[in-house]
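One letter stands for each residue in the lines below.
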Amino acid sequence: MEKFNFSDVEHTFFKKSNSNNITTIIPYITVDNFPKLGLLTALRFIEWVSENPKGVISLPTGKTPEYFIRWTRNIFDNWEDSEIRKVRKIYGLNIKKRPDFSKLQFIQIDEFYPIRSTQHNSFYHYVNEFYIKGFGLNPDKAQLINSDTIPLPEGKHFSDVFPDNNVDLSLRYREAKNSFELLQQKSIFAIDDWCTDYEKAIQEKGGIGFFLGGIGPDGHIAFNVRGSDHHSTTRLTATNFETQAVAAGDLGGIEISRNRLVITIGLQTITYNPDAVAVIFAAGEAKAHVVKDALEKERSNIYPATALHKLKKSRFYLTTGAASMLEDSVDLFYRSGEWTHEKTEKAVIDLCSRLGRYGHHLKIEDLKKDKYCSLIPGLNEDTVNTVIASILKKLQKGMEDENEQVYYHTGPHHDDIMLGMLPHIHRLLRNESNEAYFSVLTSGFTAVTNRFLREALEDTKRFLNNGLIQMIEYPDFFEFGYSLKWDKDVYHYLNKVASGEPFERRRGLAHRIIRAIVIIHKIKNIDELRYQIDDILVILRRSYDGEKNPSDIQLLKGMIREFEEELVWAHFGIQVKNVHHLRLGFYTGDVFTAQPERDRDVKPILEKFKQINPNVISLAFDPEGSGPDTHYKVLQAIADAVTLWQKERDLSHLRIWGYRNVWYKFHPAEANVLVPVSLNAMAVLEDSFTNCYLSQVDASFPSYQHDGKFSELTKKIWVDQIKTIQLLLGKNHFYQNQSPRIRSAHGMLYFREMNVDEFLANARELEKSMEGIIF
């Protein structure tokens, strides 16, 4: 790969990857998992710094840099440690002296505008915390974006000019209607001038020498969203929905991010220095389509990363999932290793999709002409029929009855189990010989907005003031009564769902909130309860959106989410005692959550395994971190718990069901169980989600794929998935089928059933990453 001029580190990683040939416009290197992606990036950064000790660097914010930051600090701080020396040697970091970071010149990539620099969710705070302090950079050599210090007319602060934090960019082009709008207009022009000066200062440094960035769901680099001019420079600009959805987690909800502008360096800023090393890193299959566009499409404003084509040292560092849609990767999948029936299925199903032709209409000539179907061993007239037969077998498996089974369904967050498995769970629970337990492994408090909690507490105060919370009148309530009749709370709430009384449902939520506050704060009487509610409201009103809450408010938010989960499964007769809330300790609400630890996070899962002794464990199967990082870390913890359990007893009977939901999807060739989903099942999903996940119905933290509730997106996915199967089997297979379950199917759920060894083989790299060093 001499034509790509790989560095020693890059060359070493490339040799360890499975890539045999690179045909993309920009070269790329693949690694197995998210932590190793951080290792590659850290080593390449340190290597570059050793050669450019006074260089200009620009590093990213967000979740993706987590392991880059962890590895950089680990290597830098423990340079002479034997394990770190071993890592350096194995991965080609051929420098003896630890580089000096203090002379580097740092450029901040972007920032929300307006946002106070003191807010922990500002990128200004992030770069100061993790790069300036964390890497020991010299703050005097840093060029940062501080919204508080950008000069505005009359010496005003942005809070005076934009009191609601909304900046109307139409004032650039229209006449101001009053004196206040005139002030805002002048301020926008002042910010534009500041951006011009920011750009000029970068150019005077010679441009950026080392740029590291992620890639957004629309393909954005920095905040240069889809459609950005490749000659764009630093500017104040709006974003699109996909970007706003991703930013919602930082800003406290889509309600905030939808109206918040950004200051970002431009694509021309990144490529100004022709010798710049520009690295884009991405993890998980969710990024595969934007990676494919960036690396295989010709230069276009629609694909922002194609601006990097002009840099001879631009690179993409990718997990295998993020690279999975590249032509090179697809070719490698089919041409390397043993041919499997999964390859045959994938080739034929994908050919149906490409040609838009039903499976029974495919001819042998179509298969022979296709690049990958032509590779099928023993290709003949019956090949398509063998694929149809294997898919029908998967579909039949998804309809099998099961008896006397114990299911332990796990989810990283509240709603993950529902969105991943509900139709299948619902059907199996109709058999009363089966028993089900549900376990949500994290508290999930970050999904509850401050606004939702404020409104719920204000409701609770009104109910108290109007004498509508009778349970607190019982003389023993504050001693032990608060801990009783939690199933009654759930049952009464669902009664009001059935009778269509939203007022009473709010009152039902208030009952559970009161129980939670009594537990958290050890409340002894009504006066203390009223005081505590008022105190929480004061804190919330003083908090900025997206701020990390105090631990007691985190717990309260989490207990609201736990109540929501209990409501969902009570639809199917599941009692509160069968819905477990593990609240694993690694989940803290920090920018980077901690790594799972065996004593704190793994043993509670293991204890549940031993206590329940399930025949089936279901889990969110996201080994590369396509969704939230919580999914990845929960999978680490479960894999370790299964490993420990396997040492104690024979688990040959245990089945693992790996499901995926709105973040990450199976190809039907990857799944081995297909579950038909009826309109009735979709209605159950929609109704139970809307009536139970009270904090989620406003979709404050939506997927970038859909501006609405997760339940709506899940239905869309199920419909898309059945269309893929219908194209292979033919629609007549469904509407003329003898089975009413098939005839009523208008969606399809995919999952993968594994035995313990298969599951642990898939999770092997995760087990290694828990040990801290990956070789």
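Use the structure listed above.
Residues numbered from 1 in each chain as written. Predicted model: local features only at pLDDT ≥ 70, side-chain atom pairs only at ≥ 80, totals over all residues. Heavy atoms only, no water.

Draft legend 1. Representation of the overall build of the protein chain in the model. Across its full length, the protein chain holds 29 helices and 17 strands. The C-alpha atoms of the protein chain give a radius of gyration of 28 Å, which matches the 28 Å a tight globule of 775 residues would have. Taking the principal axes of its C-alpha atoms as reference, the protein chain extends roughly 80 × 70 × 60 Å. Counting only residues that meet the buried cut, the protein chain has 60% of its 775 residues in that class. A sequence separation of at least 24 residues applies to 79% of the contacts in the protein chain between residues at least 6 apart. Total accessible area on the protein chain stands at roughly 31500 Å², and carbon and sulfur atoms take up 47% of it. Taken as two groups, the 96 positive and 103 negative side-chain charges of the protein chain have centres that lie 2 Å from each other. (Helix = DSSP H or I, 4+ residues; strand = E, 2+ residues; numbered from the N terminus. Rg over C-alpha atoms; globule rule 2.2 N^0.38 Å. Buried < 20%, exposed > 50% of the residue type's maximum accessible area, 1.4 Å probe, protein only. Contact = heavy atoms within 4.5 Å. Areas by Shrake-Rupley, 256 points an atom, 1.4 Å probe, with all protein chains shown as cover. Lys, Arg positive; Asp, Glu negative; His and termini not counted. Charge placed at Lys NZ, Arg CZ, Asp CG, Glu CD.)

Draft legend 2. Spatial organisation of the packing of aromatic side chains. Scanning the entire structure with this criterion turns up 40 aromatic pairs. Both rings, one in F68 and one in F135, keep their centres 5.9 Å apart while their planes meet at 70 degrees; by these two values the pair is edge-to-face. You can see F68 sitting in helix α3 (residues 66-77) and its partner F135 sitting in the loop between α5 (123-133) and β5 (142-143), a full 67 residues away along the chain. Exposure class is identical for F68 and F135. Each is buried. Look at F333 and Y334: their rings are 4.9 Å apart centre to centre, the planes differ by 75 degrees, and that puts the pair in the edge-to-face class. Judged by relative accessible area, which is 28%, F333 ranks as partly exposed. Taking the relative accessible area as the measure of exposure, Y334 reaches 4% and is therefore buried. Here the aromatic residues F45, W48, F68, F76, F101, F106, Y126, F130, Y131, F135, F210 and F592 are joined through ring pairs into a cluster of three or more. When the ring centre of W79 is taken as reference, the NZ or CZ atom of R88 above it lies at 3.9 Å. For the cation-ring pair, R660 lies above Y664, with the distance from its terminal atom to the ring centre recorded as 4.0 Å. (Phe/Tyr/Trp six-rings, centres within 6.5 Å; stacked < 30°, edge-to-face > 60°. Lys NZ or Arg CZ within 6 Å of the ring centre and 35° of its normal.)

Draft legend 3. Representation of the pairing of strand β16 (residues 673-678). Within β16, six of the six residues are buried, which leaves it mostly tucked inside the rest of the structure. Neither face of β16 is left uncovered, since the one carrying V673, V675 and V677 and the one carrying L674, P676 and S678 both have all their residues buried. Where β16 meets strand β17 (residues 745-755), six bridges bridge the pair, whose relative direction is antiparallel. Directly across from V673, in β17, lies its bridge partner F751. (Pairing = 2+ DSSP bridges.)

Draft legend 4. Seen up close, the sheet that holds strand β4 (residues 110-113). One open sheet holds the three strands; their spatial order is β4-β8-β7, and the pairing between them is antiparallel. In the strand order of this sheet, the two ends are held by β4 and β7 (235-237), each with one partner. Between one strand and the next, the sheet's axes are offset by a mean angle of 25 degrees, whatever the strand orientation. Strand direction decides the pairing type here: β4 and strand β8 (residues 261-264), joined by four bridges, are antiparallel. In the strand pairing of β8, F112 is matched with V262. Those strands touched by helix α7 (residues 179-204) are β4, β7 and β8, and its axis lies near 135 degrees from that of β7. (Axes fitted to C-alpha atoms, helices over the stretch in contact; angles between N-to-C directions.)

Draft legend 5. Geometry of helix α18 (residues 486-499). If you check α18, its first and last C-alpha atoms are 20 Å apart, about what 14 residues at 1.5 Å a residue would give, namely 20 Å. Residues of α18 that are buried include every one of W486, D489, V490, Y493, L494 and V497, and no others. Seen from one end, α18 has its buried residues packed into an arc of 120 degrees, which puts them on one side. Seen from the buried face of α18, the exposed residues on the opposite side, beyond 90 degrees, are Y491 and A498. Buried residues in α18 make contact with α19 (502-521), α21 (551-570) and α24 (679-692). Following α18 by one or two positions, G500 has its phi on the positive side, about 70 degrees. (Expected span 1.5 Å × (residues − 1). Arc of directions from axis to C-beta.)

Draft legend 6. Structural detail: the side chain of S187. Mapped onto the fold, S187 is located in helix α7. You can call S187 buried: its relative accessible area is 0%. At 2.9 Å, the side chain of S187 and the backbone oxygen of L183 are in polar contact. (Polar contact = N/O pair within 3.5 Å; in protein donor to acceptor, adjacent residues only side chain to side chain.)

Draft legend 7. Here's a closer look at unusual backbone geometry. Of note, the amide linkage connecting Y113 to P114 takes the cis form, showing an omega dihedral of -5 degrees. You can see P114 is positioned in the loop between β4 and α5. Positive phi, close to 55 degrees, is recorded for N5, a residue that is not glycine. If you trace the backbone, N5 turns up in the segment before α1 (8-16). The exposure class of N5 is exposed, given its relative accessible area of 52%. Phi angles above zero are rare outside glycine, and N165 is one such case at about 65 degrees. Tracing the chain through its elements places N165 in the loop between α6 (158-161) and α7. Classification of N165 by relative accessible area gives partly exposed; the value is 25%.

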